[in-house]
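Spelled out, the chains give:
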Amino acid sequence: MENLIANRIKNARILKCLSQQNVADELGVSKQMVSKYENGEAIPTSSKFLKLSKLFGLKIDYFFSSFQVELGEINFRKKSSFSIKKQSSLKEQIKINLENYLWLEDTLSIDYRFKNAIKNISINKLEDVERAVLELRTEWNIGIDPIHNIIQLLEDKEIKVIELYDVDDKFDGLATYVNGKYPVIVVNGNFPVERKRFTLLHELGHLLLNLPNCETKKEEQFCNKFAAEFLFPREIVVKEFGGKRNHITLAELIATQKKYGISIPAIVYRLVDSGILSKQRHTDFYKKTRFNPSLNREVNASRFETPEKSSRFEQLVYRALSQENISISKASSLLNKNIENVKESSLI
(Lines give C-alpha, C1' and ligand atoms only; values in the text may rest on other atoms or scores of the structure.)
Protein backbone atom coordinates (compact mmCIF):
# COMPACT_ATOMS: atom_id res chain seq x y z
CA MET A 1 0.00 0.00 0.00
CA GLU A 2 2.87 2.37 0.87
CA ASN A 3 4.43 1.94 -2.61
CA LEU A 4 1.05 2.45 -4.27
CA ILE A 5 0.43 5.71 -2.43
CA ALA A 6 4.02 6.82 -3.03
CA ASN A 7 3.70 6.31 -6.79
CA ARG A 8 0.35 8.08 -6.86
CA ILE A 9 1.73 11.15 -5.10
CA LYS A 10 4.75 11.30 -7.40
CA ASN A 11 2.64 10.83 -10.54
CA ALA A 12 0.18 13.51 -9.41
CA ARG A 13 3.06 15.94 -8.87
CA ILE A 14 4.38 15.19 -12.37
CA LEU A 15 0.85 15.70 -13.71
CA LYS A 16 0.82 19.24 -12.37
CA CYS A 17 4.45 19.97 -13.37
CA LEU A 18 5.35 20.76 -9.76
CA SER A 19 8.64 20.29 -7.94
CA GLN A 20 8.95 18.58 -4.57
CA GLN A 21 9.63 22.01 -3.08
CA ASN A 22 6.38 23.37 -4.58
CA VAL A 23 4.44 20.55 -2.91
CA ALA A 24 6.31 20.99 0.36
CA ASP A 25 5.46 24.70 0.47
CA GLU A 26 1.75 23.98 -0.08
CA LEU A 27 1.65 21.25 2.59
CA GLY A 28 3.74 23.13 5.13
CA VAL A 29 6.35 20.37 5.36
CA SER A 30 9.98 20.01 4.31
CA LYS A 31 11.12 18.95 0.85
CA GLN A 32 12.67 15.91 2.51
CA MET A 33 9.25 14.86 3.85
CA VAL A 34 7.73 15.04 0.35
CA SER A 35 10.63 12.88 -0.86
CA LYS A 36 9.75 10.36 1.86
CA TYR A 37 6.12 10.38 0.73
CA GLU A 38 7.23 9.59 -2.83
CA ASN A 39 9.67 6.87 -1.73
CA GLY A 40 7.14 5.10 0.48
CA GLU A 41 9.05 5.95 3.66
CA ALA A 42 6.17 7.98 5.13
CA ILE A 43 2.43 8.33 4.57
CA PRO A 44 0.67 11.71 4.70
CA THR A 45 -1.88 12.32 7.43
CA SER A 46 -5.57 12.69 6.59
CA SER A 47 -5.30 16.48 6.62
CA LYS A 48 -2.27 16.32 4.31
CA PHE A 49 -4.16 14.04 1.91
CA LEU A 50 -6.92 16.64 1.73
CA LYS A 51 -4.36 19.30 0.86
CA LEU A 52 -2.77 17.03 -1.76
CA SER A 53 -6.19 16.37 -3.27
CA LYS A 54 -6.89 20.09 -3.55
CA LEU A 55 -3.39 20.91 -4.82
CA PHE A 56 -3.47 18.28 -7.56
CA GLY A 57 -7.17 18.67 -8.41
CA LEU A 58 -7.76 14.95 -7.85
CA LYS A 59 -10.27 13.00 -5.77
CA ILE A 60 -8.98 11.33 -2.60
CA ASP A 61 -9.69 7.86 -4.01
CA TYR A 62 -7.04 8.45 -6.70
CA PHE A 63 -4.27 7.98 -4.14
CA PHE A 64 -5.58 4.57 -3.07
CA SER A 65 -6.67 3.08 -6.41
CA SER A 66 -4.68 -0.02 -7.35
CA PHE A 67 -6.06 -0.14 -10.92
CA GLN A 68 -3.21 1.07 -13.12
CA VAL A 69 -2.45 1.07 -16.82
CA GLU A 70 0.73 0.79 -18.85
CA LEU A 71 0.99 3.02 -21.89
CA GLY A 72 2.64 1.75 -25.04
CA GLU A 73 5.15 3.79 -27.01
CA ILE A 74 4.21 7.47 -27.27
CA ASN A 75 5.93 9.63 -29.84
CA PHE A 76 6.11 13.40 -29.33
CA ARG A 77 8.62 14.06 -32.11
CA LYS A 78 6.10 16.10 -34.09
CA LYS A 79 6.22 18.79 -31.42
CA SER A 80 9.86 19.47 -30.74
CA SER A 81 8.98 22.47 -28.56
CA PHE A 82 6.80 20.29 -26.31
CA SER A 83 9.06 20.09 -23.23
CA ILE A 84 9.93 16.85 -21.41
CA LYS A 85 8.09 18.12 -18.32
CA LYS A 86 4.94 18.80 -20.34
CA GLN A 87 5.23 15.42 -22.06
CA SER A 88 5.44 13.68 -18.68
CA SER A 89 2.48 15.68 -17.38
CA LEU A 90 0.41 14.77 -20.43
CA LYS A 91 1.24 11.07 -20.02
CA GLU A 92 -0.04 11.15 -16.45
CA GLN A 93 -3.22 12.92 -17.52
CA ILE A 94 -3.81 10.26 -20.17
CA LYS A 95 -3.15 7.48 -17.67
CA ILE A 96 -5.71 8.87 -15.23
CA ASN A 97 -8.37 9.03 -17.93
CA LEU A 98 -7.60 5.53 -19.14
CA GLU A 99 -7.46 4.03 -15.67
CA ASN A 100 -10.99 5.26 -15.06
CA TYR A 101 -12.10 4.03 -18.50
CA LEU A 102 -10.66 0.52 -18.14
CA TRP A 103 -11.67 0.19 -14.50
CA LEU A 104 -15.24 0.97 -15.52
CA GLU A 105 -15.18 -1.63 -18.30
CA ASP A 106 -13.73 -4.15 -15.87
CA THR A 107 -16.49 -3.36 -13.37
CA LEU A 108 -19.08 -4.00 -16.10
CA SER A 109 -17.25 -7.18 -17.24
CA ILE A 110 -16.63 -5.67 -20.68
CA ASP A 111 -13.68 -7.18 -22.53
CA TYR A 112 -13.57 -5.93 -26.12
CA ARG A 113 -11.12 -7.46 -28.55
CA PHE A 114 -9.72 -5.19 -31.25
CA LYS A 115 -8.77 -6.48 -34.68
CA ASN A 116 -6.57 -4.47 -37.03
CA ALA A 117 -8.09 -5.27 -40.43
CA ILE A 118 -5.18 -3.75 -42.41
CA LYS A 119 -2.17 -4.98 -40.46
CA ASN A 120 -1.06 -7.23 -43.35
CA ILE A 121 -0.98 -4.43 -45.93
CA SER A 122 2.61 -3.20 -46.18
CA ILE A 123 2.93 0.54 -46.76
CA ASN A 124 5.86 1.50 -48.96
CA LYS A 125 4.35 4.27 -51.09
CA LEU A 126 1.37 6.65 -50.91
CA GLU A 127 -0.69 4.51 -53.26
CA ASP A 128 -0.52 1.70 -50.70
CA VAL A 129 -2.29 3.98 -48.21
CA GLU A 130 -5.22 4.40 -50.61
CA ARG A 131 -5.53 0.61 -50.83
CA ALA A 132 -5.39 0.29 -47.04
CA VAL A 133 -8.12 2.92 -46.54
CA LEU A 134 -10.40 1.23 -49.06
CA GLU A 135 -9.84 -2.13 -47.36
CA LEU A 136 -10.54 -0.69 -43.92
CA ARG A 137 -13.73 1.07 -45.07
CA THR A 138 -14.86 -2.22 -46.61
CA GLU A 139 -14.09 -4.22 -43.45
CA TRP A 140 -15.90 -1.62 -41.34
CA ASN A 141 -18.90 -1.65 -43.71
CA ILE A 142 -18.96 2.12 -44.22
CA GLY A 143 -18.54 2.28 -48.00
CA ILE A 144 -17.29 5.65 -49.27
CA ASP A 145 -20.10 7.81 -47.92
CA PRO A 146 -19.44 10.88 -45.71
CA ILE A 147 -18.74 10.01 -42.06
CA HIS A 148 -20.78 12.20 -39.75
CA ASN A 149 -19.10 11.32 -36.46
CA ILE A 150 -15.52 10.02 -36.45
CA ILE A 151 -15.39 9.54 -32.68
CA GLN A 152 -18.55 7.46 -32.65
CA LEU A 153 -17.20 5.34 -35.50
CA LEU A 154 -13.90 4.71 -33.70
CA GLU A 155 -15.61 3.84 -30.43
CA ASP A 156 -18.01 1.52 -32.25
CA LYS A 157 -14.91 -0.24 -33.60
CA GLU A 158 -13.51 -0.70 -30.06
CA ILE A 159 -10.95 2.10 -30.20
CA LYS A 160 -11.02 4.26 -27.08
CA VAL A 161 -11.07 8.01 -27.68
CA ILE A 162 -9.99 10.45 -24.99
CA GLU A 163 -10.51 14.18 -25.44
CA LEU A 164 -8.32 16.46 -23.34
CA TYR A 165 -9.19 20.10 -22.80
CA ASP A 166 -6.76 21.32 -20.15
CA VAL A 167 -3.71 20.79 -22.34
CA ASP A 168 -1.00 22.83 -24.03
CA ASP A 169 -2.14 24.24 -27.38
CA LYS A 170 0.94 22.66 -28.95
CA PHE A 171 -0.55 19.21 -28.36
CA ASP A 172 -2.66 17.85 -31.19
CA GLY A 173 -3.08 14.12 -30.65
CA LEU A 174 -1.44 10.74 -30.19
CA ALA A 175 -2.20 7.05 -30.50
CA THR A 176 -0.93 4.08 -28.52
CA TYR A 177 -1.90 0.74 -27.06
CA VAL A 178 -2.71 0.36 -23.36
CA ASN A 179 -1.72 -2.76 -21.44
CA GLY A 180 -0.54 -4.15 -24.77
CA LYS A 181 -4.01 -4.70 -26.24
CA TYR A 182 -6.36 -1.71 -25.96
CA PRO A 183 -5.98 0.85 -28.81
CA VAL A 184 -6.50 4.43 -27.73
CA ILE A 185 -6.44 7.78 -29.50
CA VAL A 186 -6.05 11.01 -27.54
CA VAL A 187 -6.97 14.33 -29.13
CA ASN A 188 -7.01 17.99 -28.15
CA GLY A 189 -10.69 18.63 -27.48
CA ASN A 190 -10.29 22.37 -28.07
CA PHE A 191 -9.67 21.99 -31.80
CA PRO A 192 -12.19 23.16 -34.41
CA VAL A 193 -14.25 20.16 -35.50
CA GLU A 194 -12.58 19.74 -38.93
CA ARG A 195 -9.11 19.76 -37.41
CA LYS A 196 -10.21 17.34 -34.70
CA ARG A 197 -11.59 14.92 -37.30
CA PHE A 198 -8.39 15.05 -39.35
CA THR A 199 -6.23 14.59 -36.25
CA LEU A 200 -8.26 11.58 -35.09
CA LEU A 201 -7.78 9.87 -38.44
CA HIS A 202 -4.12 10.88 -38.68
CA GLU A 203 -3.56 9.17 -35.33
CA LEU A 204 -5.61 6.19 -36.50
CA GLY A 205 -3.08 5.90 -39.31
CA HIS A 206 -0.25 5.73 -36.77
CA LEU A 207 -2.20 3.08 -34.90
CA LEU A 208 -3.14 0.79 -37.80
CA LEU A 209 -0.82 1.29 -40.76
CA ASN A 210 1.99 -1.21 -41.28
CA LEU A 211 4.56 1.51 -41.92
CA PRO A 212 8.13 0.97 -43.11
CA ASN A 213 11.14 1.95 -41.06
CA CYS A 214 11.40 5.52 -42.32
CA GLU A 215 12.08 9.09 -41.22
CA THR A 216 9.47 10.90 -39.15
CA LYS A 217 8.63 13.27 -42.00
CA LYS A 218 7.80 10.37 -44.31
CA GLU A 219 5.76 8.64 -41.60
CA GLU A 220 3.75 11.83 -41.11
CA GLN A 221 3.12 12.03 -44.87
CA PHE A 222 1.71 8.51 -44.85
CA CYS A 223 -0.59 9.30 -41.92
CA ASN A 224 -1.73 12.61 -43.45
CA LYS A 225 -2.53 10.71 -46.64
CA PHE A 226 -4.49 8.16 -44.60
CA ALA A 227 -6.57 10.87 -42.89
CA ALA A 228 -7.28 12.77 -46.10
CA GLU A 229 -8.19 9.60 -48.03
CA PHE A 230 -10.42 8.37 -45.22
CA LEU A 231 -12.29 11.66 -44.93
CA PHE A 232 -12.57 12.38 -48.64
CA PRO A 233 -11.77 9.32 -50.82
CA ARG A 234 -10.30 9.93 -54.27
CA GLU A 235 -13.35 8.39 -55.98
CA ILE A 236 -15.61 10.91 -54.23
CA VAL A 237 -13.25 13.82 -54.97
CA VAL A 238 -13.64 13.12 -58.69
CA LYS A 239 -17.38 12.61 -58.34
CA GLU A 240 -17.84 15.96 -56.56
CA PHE A 241 -15.51 18.08 -58.72
CA GLY A 242 -15.28 16.28 -62.06
CA GLY A 243 -12.11 16.10 -64.15
CA LYS A 244 -9.18 18.46 -64.49
CA ARG A 245 -10.10 22.10 -63.85
CA ASN A 246 -8.45 25.51 -63.90
CA HIS A 247 -10.69 27.15 -61.30
CA ILE A 248 -12.69 26.13 -58.21
CA THR A 249 -15.17 28.48 -56.53
CA LEU A 250 -15.22 29.12 -52.81
CA ALA A 251 -18.89 28.15 -52.77
CA GLU A 252 -17.98 24.65 -54.01
CA LEU A 253 -15.31 24.30 -51.35
CA ILE A 254 -17.65 25.43 -48.56
CA ALA A 255 -20.37 23.00 -49.67
CA THR A 256 -17.84 20.15 -49.64
CA GLN A 257 -16.53 21.20 -46.22
CA LYS A 258 -20.04 21.10 -44.77
CA LYS A 259 -20.76 17.71 -46.31
CA TYR A 260 -17.54 15.84 -45.51
CA GLY A 261 -16.22 17.61 -42.42
CA ILE A 262 -12.83 18.34 -43.93
CA SER A 263 -11.17 21.77 -43.96
CA ILE A 264 -10.94 23.82 -47.13
CA PRO A 265 -7.09 23.73 -47.25
CA ALA A 266 -7.30 19.92 -46.99
CA ILE A 267 -9.90 19.83 -49.78
CA VAL A 268 -7.63 21.87 -52.03
CA TYR A 269 -4.78 19.48 -51.27
CA ARG A 270 -7.04 16.54 -52.21
CA LEU A 271 -7.90 18.25 -55.51
CA VAL A 272 -4.20 18.55 -56.36
CA ASP A 273 -3.49 15.02 -55.15
CA SER A 274 -6.31 13.71 -57.36
CA GLY A 275 -5.03 15.58 -60.42
CA ILE A 276 -8.00 17.95 -60.65
CA LEU A 277 -5.99 21.09 -59.84
CA SER A 278 -2.39 21.78 -60.79
CA LYS A 279 0.34 22.33 -58.21
CA GLN A 280 0.55 25.91 -59.46
CA ARG A 281 -3.13 26.47 -58.55
CA HIS A 282 -2.33 25.04 -55.12
CA THR A 283 0.48 27.60 -54.74
CA ASP A 284 -1.82 30.40 -55.95
CA PHE A 285 -4.44 29.39 -53.39
CA TYR A 286 -2.01 29.72 -50.50
CA LYS A 287 -0.68 33.05 -51.75
CA LYS A 288 -4.20 34.45 -51.94
CA THR A 289 -5.13 33.33 -48.44
CA ARG A 290 -1.82 34.41 -46.96
CA PHE A 291 -2.04 37.99 -48.24
CA ASN A 292 -5.80 38.46 -47.85
CA PRO A 293 -6.75 38.30 -44.12
CA SER A 294 -10.51 38.36 -44.72
CA LEU A 295 -10.25 35.54 -47.29
CA ASN A 296 -8.00 33.61 -44.92
CA ARG A 297 -10.63 33.86 -42.15
CA GLU A 298 -13.33 32.74 -44.56
CA VAL A 299 -11.27 29.78 -45.75
CA ASN A 300 -10.34 28.63 -42.25
CA ALA A 301 -13.79 29.03 -40.69
CA SER A 302 -15.30 25.91 -39.08
CA ARG A 303 -18.62 24.92 -40.69
CA PHE A 304 -19.18 21.20 -40.13
CA GLU A 305 -22.29 20.97 -37.99
CA THR A 306 -22.09 17.45 -36.51
CA PRO A 307 -20.33 17.64 -33.13
CA GLU A 308 -17.33 15.39 -32.53
CA LYS A 309 -17.71 14.42 -28.89
CA SER A 310 -16.82 11.25 -27.03
CA SER A 311 -19.83 10.04 -25.03
CA ARG A 312 -19.12 6.35 -24.43
CA PHE A 313 -17.39 6.83 -21.07
CA GLU A 314 -20.30 8.85 -19.70
CA GLN A 315 -22.74 6.23 -20.99
CA LEU A 316 -20.77 3.50 -19.23
CA VAL A 317 -20.80 5.44 -15.96
CA TYR A 318 -24.58 5.78 -16.01
CA ARG A 319 -24.92 2.14 -17.03
CA ALA A 320 -22.80 1.07 -14.06
CA LEU A 321 -24.78 3.36 -11.78
CA SER A 322 -28.18 2.04 -12.95
CA GLN A 323 -26.96 -1.55 -12.50
CA GLU A 324 -25.71 -0.64 -9.01
CA ASN A 325 -22.12 -1.56 -9.90
CA ILE A 326 -20.99 1.81 -8.55
CA SER A 327 -22.32 4.31 -6.04
CA ILE A 328 -23.65 7.72 -6.95
CA SER A 329 -20.63 9.31 -5.27
CA LYS A 330 -18.30 7.20 -7.43
CA ALA A 331 -20.27 8.22 -10.52
CA SER A 332 -19.93 11.84 -9.43
CA SER A 333 -16.18 11.38 -9.09
CA LEU A 334 -15.78 9.68 -12.48
CA LEU A 335 -17.85 12.30 -14.31
CA ASN A 336 -16.43 15.22 -12.35
CA LYS A 337 -20.00 16.40 -11.68
CA ASN A 338 -21.69 17.20 -8.41
CA ILE A 339 -23.97 14.53 -6.98
CA GLU A 340 -27.17 16.51 -7.58
CA ASN A 341 -26.46 16.77 -11.31
CA VAL A 342 -25.79 13.05 -11.48
CA LYS A 343 -29.06 12.34 -9.65
CA GLU A 344 -31.00 14.51 -12.10
CA SER A 345 -29.56 12.54 -15.01
CA SER A 346 -30.39 9.15 -13.51
CA LEU A 347 -34.08 9.52 -12.55
CA ILE A 348 -35.54 7.09 -15.08
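Let me sum up the structure you'll find in this document. (Residues numbered from 1 in each chain as written. Predicted model: local features only at pLDDT ≥ 70, side-chain atom pairs only at ≥ 80, totals over all residues. Heavy atoms only, no water.)

Here we take up the pairing of strand β1 (residues 160-164). Each regular strand carries side chains that alternate between the two faces of the sheet. Where burial is concerned, most of β1 is hidden: five out of the five residues are buried. Alternating residues of β1 divide into Lys160, Ile162 and Leu164 and Val161 and Glu163, and every residue in both groups is buried. The pairing of β1 with strand β3 (residues 182-188) spans five bridges and is parallel. What sits directly across from Lys160, in β3, is Val184. (Buried < 20%, exposed > 50% of the residue type's maximum accessible area, 1.4 Å probe, protein only. Helix = DSSP H or I, 4+ residues; strand = E, 2+ residues; numbered from the N terminus. Pairing = 2+ DSSP bridges.)

Moving on, we get to the sheet that holds strand β2 (residues 173-178). Strands sit in the order β1-β3-β2 across an open sheet of three strands; the sheet is mixed. Looking along the sheet, the strands with just one partner apiece sit at the ends: β1 and β2. Each adjacent strand pair in this sheet contributes to an overall mean axis angle of 20 degrees, direction not counted. With six bridges connecting them, β2 and β3 associate as antiparallel partners. Paired with Tyr177 across the two strands is Pro183, which belongs to β3. Across the sheet, helix α5 (residues 84-107) is in contact with β1, β2 and β3; its angle to β1 comes to roughly 135 degrees. (Axes fitted to C-alpha atoms, helices over the stretch in contact; angles between N-to-C directions. Contact = heavy atoms within 4.5 Å.)

Before going further, it helps to examine the nonpolar core. Membership of the largest hydrophobic core comes to 49 residues, with the highest contact counts inside it found for Trp140, Leu154, Leu204, Phe226, Phe230 and Leu271. Put simply, the parts of the chain that give this core at least two residues each are α6 (126-139), α7 (150-156), β3, α8 (193-208), α9 (216-231), α10 (234-241), α11 (250-260) and α12 (264-273). If one sorts the elements of this core by residue count, α12 sits on top with six residues. With sequence-adjacent residues up to four places away left out, Phe230 is seen in contact with Val133, Leu136, Arg137, Trp140, Ile142, Ile147, Leu153 and Leu201. In this structure, Ile74, Leu102, Val167 and Val178 belong to the second largest nonpolar core, which totals 31 residues. (Core = buried A, V, L, I, M, F, W, Y, C linked by side-chain atoms within 4.5 Å.)

Examined against the element boundaries, Glu194 turns out to sit in helix α8. For Glu194, a relative accessible area of 5% gives the class buried. Distance in space between the C-alpha atoms of Glu194 and Ile262 is 5.2 Å, their sequence separation being 68 residues. Look past the residues within four positions of Glu194 in its chain and what remains in contact with it is Gln257, Gly261, Ile262, Ser263, Ala301, Ser302, Arg303 and Phe304.

The subject of this paragraph is unusual backbone geometry. Even without a glycine there, the phi angle at Ser109 is positive, about 60 degrees. Locating Ser109 in the fold gives a position in the loop between α5 and α6. For Ser109, a relative accessible area of 67% gives the class exposed. Phi at Glu324 takes a positive value of approximately 65 degrees, unusual for a residue other than glycine. Looking at where Glu324 falls in the secondary structure, it is placed in the loop between α15 (312-322) and α16 (328-335).

Below, the discussion takes up the pattern of salt bridges. Note on pairing: side chains with opposite charge can pair once their charged atoms come close. According to the stated counting rule, one finds 22 salt bridges in the structure shown. Between Lys225 and Glu229 there is a salt bridge; the shortest N-O distance is 3.9 Å. A residue pair is termed a helical-turn pair when its members lie 3 or 4 positions apart in one helix, as Lys225 and Glu229 do in helix α9 at four residues. We note that Lys225, like Glu229, is buried. (Salt bridge = Lys/Arg side-chain N within 4 Å of Asp/Glu carboxyl O.)

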